Amino acid sequence: MVKPKSAWKVAILICAVALGFLLAEAAVRLRQHYRYGTARNKLYDTVMDPVSGLPVPAPGQMTRSIQIDSRGFRNPELELPKPAGRIRLAFLGASTTFCGEVSSNAATWPHLVWEKLQHHWPEASFDYVNAGVPGYVVSHSLANLRARVAPLQPDVIIIYHATNDLSRDTRELARGQGLFAGQAEEPSWLARHFLVWNLIEKNWQLQRRQQKAQGGEQRLVYDPQTLSKGFESRLRELITAAQQVSQLTAIATFSHKARRHQSPEEQLKACNTSLYYMPYMSVEGILAGFEQYNRAIRAAARETGALLIEGEETIPGDELHFVDSVHLTDAGCQLMAERVARPLIASPQLQHLVSASSKKGGGLTR
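Calculation rules
Residues numbered from 1 in each chain as written. Predicted model: local features only at pLDDT ≥ 70, side-chain atom pairs only at ≥ 80, totals over all residues. Heavy atoms only, no water. Helix = DSSP H or I, 4+ residues; strand = E, 2+ residues; numbered from the N terminus. Buried < 20%, exposed > 50% of the residue type's maximum accessible area, 1.4 Å probe, protein only. Areas by Shrake-Rupley, 256 points an atom, 1.4 Å probe, with all protein chains shown as cover. Axes fitted to C-alpha atoms, helices over the stretch in contact; angles between N-to-C directions. Parallel < 35°, antiparallel > 145°, perpendicular 65-115°, else oblique. Left-handed = near helix turned anticlockwise from the far one by under 90°. Contact = heavy atoms within 4.5 Å. Pairing = 2+ DSSP bridges. Nonpolar A, V, L, I, M, F, W, Y, C, P; charged D, E, K, R; others polar. Core = buried A, V, L, I, M, F, W, Y, C linked by side-chain atoms within 4.5 Å. pLDDT = per-residue confidence, 0-100.

Participant: Lay out the overall build of the protein chain in plain terms, naming residues and giving numbers.
Facilitator: The secondary structure content of the protein chain amounts to 13 helices and seven strands. When the 366 residues of the protein chain are sorted by exposure, 51% land in the buried category. As presented, the protein chain carries roughly 17,100 Å² of accessible surface, and 58% of it is formed by carbon and sulfur atoms.

In structure tokens form, the structure reads like this:
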């Protein structure tokens, strides 16, 4: 039998823990509201696009850091029909193109690329479509291009993909080897409803998966070069479709925070979210995977004649430039924009487009 004094102590302890949890939850929500303009678990809403059947950002929403136009893209409102002489850029990709982690729409690397091109050619008129959507793989971007982007008459299309395809492709192998079942991210009821518990749960899972990657547990055994051939084939299909609706298609190699020259400890830390979404991988498997998927990007560009944007390691693999394994900070987006804008500005095709746009009538729409 519990004594009355003991019962009171237990009750007080429970109340103190609950109060501490609620205060921590309030602090985390205030911090999120300060950074992103919303205290909710998710930073923005999505809806199902009726044409493509894909999830897209809900049109017209606005937070402190994210503004979505009336068509569900993260960019300023577009003029339609496209004005004569307007050069329209379109960016295809996933969360690393959408850039949900940065401070504003103006800090995303697609916006900064547009800004740099407009500054370089002040006599021309540019606008852009940020068609990146978190979670997309190459096949999603192909459907997105056909259903939502092509009708906007883009003149230049820039593609940036790798990490989600690598995750999807390796998961299938991991299932076959009995190393993975279900989803990489399976938040509990508490994590879905409380931000502070979501952070605790994610950090615990990250530490656990990093320990497994370091320990003697079985890791995925695979040939990254063979696996990357499927990605290469899908990229060729996407590039070919983009070339049919644009006058210049470019594809960028993919930047990852982990680098060969880093110490084992630095590599493990840099692979934090890659291990979160690919918990069956080793650090070596992640490094080799991104190397071979970048090989596939180069091969697809070479085979299709697309403009290849190199320099994935010109963005330093540190906390100033990366929020996690693959998502860029404001500073990282600045460097990403520089490496994308430089070859675009040097491209004879874009130079021709700019020259044509200054002529009477423009003649750029297809």
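Participant: Tell me what's going on with the packing of helix H4 (residues 138-149) against helix H8 (residues 224-245), and back it up with residues and numbers.
Facilitator: Contact geometry for H4 and H8: axes closest at 9 Å, N-to-C directions at 15°. With respect to H8, the element H4 is oriented roughly parallel. Where H4 crosses over H8, the handedness of that crossing is left-handed. Counting all contacts with H4, which are made through Val-138, Ser-141, Leu-142, Leu-145 and Arg-146, the residues of H8 involved are Phe-231, Arg-234, Leu-235, Glu-237, Leu-238, Ala-241, Ala-242 and Val-245.

Participant: Give a detailed account of the environment of Ala-250, specifying residues and quantitative values.
Facilitator: Tracing the backbone through its elements, the reader meets Ala-250 in strand S6 (residues 248-252). You can call Ala-250 buried: its relative accessible area is 0%. Once you skip the residues sitting within four places of it in the chain, Ala-250 turns out to touch Ile-157, Ile-158, Ile-159, Leu-307, Ile-309 and Leu-344.

Participant: Mind laying out the pairing of strand S5 (residues 156-160), listing which residues take part and the relevant values?
Facilitator: The element S5 is extensively covered by neighbouring structure, given that five of its five residues are classed as buried. By the bridge criterion, five bridges tie strand S3 (residues 86-93) to S5 in an arrangement that is parallel. When the bridges of S5 are listed, Ala-90 appears paired with Ile-157. Taken together, the four bridges between S5 and S6 define a ladder with parallel strand orientation. The partner of Ile-157 across the bridge, within S6, is Thr-249.

Participant: So what's going on with the sheet that holds strand S4 (residues 125-130)? Residues and values would help.
Facilitator: Reading across the sheet, the five strands line up as S4-S3-S5-S6-S7 and stay open at both edges, with parallel pairing between neighbours. Edge strands, defined here as strands with exactly one partner in the open sheet, are S4 and strand S7 (307-309). Put simply, the sheet's adjacent strands are angled 20° from each other on average, direction ignored. In this fold helix H3 (residues 109-120) packs onto S3, S4 and S5, with an angle of close to 170° to the strand it touches most, S4. Taken strand by strand, helix H13 (residues 348-357) contacts S3, S4, S5 and S6, and its axis lies near 145° from that of S3.

Participant: Residues and numbers for the environment of His-140, please.
Facilitator: Secondary-structure assignment places His-140 in helix H4. It is 8.9 Å that separates the C-alpha atoms of His-140 and Gly-93, two residues lying 47 residues apart in sequence.

Participant: Kindly report on the pairing of S4, identifying the contributing residues and their values.
Facilitator: Burial of S4 is extensive: five of the six residues sit out of reach of the surface. Here S3 pairs with S4 via six bridges, running parallel. When the sheet's bridge partners are listed, Ala-90 is paired in S4 with Val-129.

Participant: Just give me the short version of the packing of H8 against helix H11 (residues 283-304), but keep the residues and values in it.
Facilitator: At a minimum axis separation of 8 Å, H8 and H11 run at an interaxial angle of 35°. In this structure, H8 meets H11 at a crossing whose hand is right-handed. Taken together, the residues of H11 that come into contact with H8 (itself represented by Pro-224, Gln-225, Leu-227, Ser-228, Lys-229, Phe-231, Glu-232, Leu-235, Arg-236, Ile-239, Thr-240 and Gln-243) are Ala-288, Gly-289, Gln-292, Tyr-293, Arg-295, Ala-296, Ile-297, Ala-299, Ala-300, Ala-301, Glu-303 and Thr-304. Of the residues belonging to the contact of H8 with H11, the class tally is twelve nonpolar, seven polar and five charged.

Participant: Could you give an account of the nonpolar core, naming the residues involved and the relevant values?
Facilitator: Among the nonpolar cores identified, the biggest contains 80 residues, and Trp-109, Leu-117, Phe-126, Val-156, Ile-158, Leu-344 and Leu-350 are the most heavily contacted of them. Ranked by the residues each element gives to this core, the list is headed by H11, at nine residues. Sequence-distant contacts of Phe-126, defined by excluding residues within four places in its chain, comprise Arg-86, Ile-87, Leu-89, Trp-114, Leu-117, Gln-118, Trp-121, Leu-350 and Val-354. Among the nonpolar cores identified, the runner-up in size contains five residues, and Leu-54, Val-56, Ala-94 and Tyr-136 belong to it.

Participant: So, the confidence of the model for the protein chain: which residues are in play, and what are the values?
Facilitator: Regions with low pLDDT should not have their predicted coordinates read in detail. Chain-level pLDDT for the protein chain is 87 on average; 77% of the residues reach the 70-or-more range. Across the protein chain, the element-wise mean pLDDT spans from 47 in helix H6 (residues 189-193) up to 99 in S5. A low-confidence stretch, residues 360-366 stays under pLDDT 50, and its non-local contacts, those more than four residues away or across chains, total 23 contacts.

Participant: Summarise unusual backbone geometry; cite the residues concerned and give the values.
Facilitator: At the junction of Leu-80 and Pro-81, the peptide bond is cis and its omega measures out at 0° in the coordinates. Within the secondary structure, Pro-81 sits in the loop between strand S2 (55-57) and S3. Positive phi, normally seen in glycine, also occurs at Cys-99, with a value near 60°. Although it is not a glycine, Gln-153 sits at a positive phi angle of roughly 60°. Topologically, Gln-153 is positioned in the loop between H4 and S5.

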